[in-house]
Amino acid sequence: MTNNLCVILGDQLSSNISSLKNFKKNQDKILMMEVFNEATYANHHKKKLVLVFSAMRHFAKELQEKGVSVTYSKINKSQDNFTKELSSQCKKIQPKRIVITHPGEYRVLQEIKKWEKVLKIPVSIVDDDRFFCTIDEFKKWTEGRKELRMESFYQMMRKKYQILIDNNGKPKGGKWNYDIKNRKSLPKNHPDVPKPLQHKPDDITKQVIAEVKKKFPKHFGDLEPFWFAVTHEQAKKSLNDFIKNRLSMFGPYEDAMAQEESFLYHSVLSMYLNIGLLEPKQIINKVLEKDGIKVESVEGFVRQILGWREYIRGIYWYTMPKYSKTNYFDAKNKLPKFYWTGNTEMNCIKNCIEQTIKESYAHHIQRLMITGNFALIAGIKPEEVCEWYLSVYADAYEWVELPNTHGMTLYADGGVLGSKPYAASGNYINKMSDYCKDCKYDVKQKEGDDACPFNYLYWNFFLKNQKKLEKNPRLWTVFSNIKKMSQEKKSQIRNNSKKFLIQISK
Ligand code: FAD
Ligand code: DLZ
Ligand code: SF4
């Protein structure tokens, strides 16, 4: 009879996962389950499905090669959901106890909490210690605070882990944050940027590609060419490749966008990090080991992982399940069809979506300031925007997708996460990218059929939400411009916006 049955989910593929801490080879077993409901609760990109299933199968093989007993349910043979498959496996395995690491998503936690009652077996849910900050520690940090801003959380984490701190307890280089140096656009004749490392599919991955092609043909995105890492070894090579070839320029060009450069100097590691092929501590240690890198690149990169990623997870568990239900601006428009096809004449959006269809990847500024900014100023329903982001990116899991989309991008939380909405007109996009030069619309025009839609939608957004936003000190300039605006100009903005929004709703 089995003592502990350790369940490992598709985003828990770490050799040191907490559910295995006291694992005994001679008494305990592991269960991994590919299930239909997980593959279809969102319209996951086909590349994301291949990544998760292939990485799960490789991890199971790695464990089996170490002499661990792993029961693995493949997608074509398993029950529809975790509970049903686990229940069917428990009848055969007869464990005394089930052990599982705290899941990444609220929805899955609710399912796990029912297991004890359904299966009549004790269930231990253990903390996920792959993160720098525990859920409880984050809650403590929120106590007594008026505002939950990333910057103060990040400084607390830097001090706690003594990362980029000098001998006097001060931030290395003198500043906590080099954001100001992270805003360069890519010069015209900039040499080609080294691409992320591409891995060749092995037989396991080829088999998964064939299964996904057959079983999920209607899912979003291009299935091939598939080049993601699917093992710890490969992911480590991708990390080393980033540090060697792109880290040094990460800082200066962090906010840049370019039509021919889908990845720029970004690490393209989130899809590995989020399923456990890499660990946050491992990445930060490797980055800190590297000599001679500009402080704005090292600090900028550390800030993303030690700051943003941990803070976002903290906000998710601190606010769920209420968080996903808010709609501060009462945004009601439907997500335009072009989000799924890229079929639009707005070149910036077309480029980001076509890249997303191909790669299941877009970097942060493309997500925030192109597709996200548009959804915000066009008043798209938060639920539909979140559903899109959860589907199309290989790194998308609700704990990280939701606060980024619902909070940071759409401000649907009314300012829990951000201090103001990230709304921008065409001017910002033109400054940070080369999209506008090849666009049907004219970024310099503010009104009329040829004007860049971001220009009038931007003002329309602030006019529409004036009451909710005009007291925000960070928006003082916006509203002082609005005060100076003629009624005629306001009507023109509203009419242009109305016409355009009707056009894209068809
Ligand atoms: P890099 O730019 O190289 O950054 C390094 C690492 O820092 C990333 O791998 C990631 O782990 C972490 N990081 C950076 N920014 C954030 C952030 N805002 N929140 C959390 N972690 C961050 N990230 C996801 O991992 N999954 C998502 O589903 C997701 N959805 C997003 C939706 C929207 C609307 C926005 C604006 C951002 C979203 N992000 C999400 C955050 C960020 O865009 C991605 O983490 C990043 O683009 C991944 O690419 P990279 O690995 O090249 O990142
Ligand atoms: C993303 C994903 C997919 C597509 N399929 C599975 C699966 O079949 N089995 C599994 O264990 N995990 C899968 N995952 C990852 C899960 O969605 C992820 O573990 C949960 O969202 C965590 O809360
Ligand atoms: Fe995008 Fe406007 Fe520039 Fe066209 S002109 S690429 S719509 S910002």
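First, a word on what this report is: a plain description of the structure on this page. (Residues numbered from 1 in each chain as written. Chains lettered and ligands numbered in written order. Predicted model: local features only at pLDDT ≥ 70, side-chain atom pairs only at ≥ 80, totals over all residues. Heavy atoms only, no water.)

Ligand 2 sits among 20 residues. The nearest are Gly10, Asp11, Met33, Val35 and Glu38. Methionine 33 is positioned with one of its backbone polar atoms (N or O) 2.7 Å from a nitrogen atom of ligand 2. Burial of ligand 2 by the surrounding chains reaches 100%, relative to a free accessible area of 480 Å². Mapped by element, the contributors of at least two residues to the shell around ligand 2 are helix H1 (36-40), helix H2 (46-65) and helix H4 (106-113). Ranked by the residues each element gives to the shell around ligand 2, the list is headed by H2, at four residues. In the shell around ligand 2, the residues fall into twelve nonpolar, three polar and five charged. (Near = heavy atom within 4 Å. Polar contact = N/O pair within 3.5 Å; in protein donor to acceptor, adjacent residues only side chain to side chain. Areas by Shrake-Rupley, 256 points an atom, 1.4 Å probe, with all protein chains shown as cover. Helix = DSSP H or I, 4+ residues; strand = E, 2+ residues; numbered from the N terminus. Nonpolar A, V, L, I, M, F, W, Y, C, P; charged D, E, K, R; others polar.)

This brings us to unusual backbone geometry. For the bond from glutamate 224 to proline 225, the omega torsion is 0 degrees, close enough to zero to count as cis. Structurally, proline 225 is set in the loop between helix H8 (203-215) and helix H9 (232-245). Cis rather than trans, the peptide bond between methionine 320 and proline 321 has omega equal to 5 degrees. Checked against the element boundaries, proline 321 lands in the loop between helix H13 (295-319) and helix H14 (338-341). With phi around 55 degrees, aspartate 330 is a residue other than glycine that occupies positive phi space. On the basis of relative accessible area, aspartate 330 is assigned to the partly exposed category, the value being 41%. Of note in the backbone geometry, serine 360 takes a positive phi value of approximately 60 degrees without being a glycine. Taking relative accessible area as the criterion, serine 360 reaches 2% and is therefore assigned buried. (Buried < 20%, exposed > 50% of the residue type's maximum accessible area, 1.4 Å probe, protein only.)

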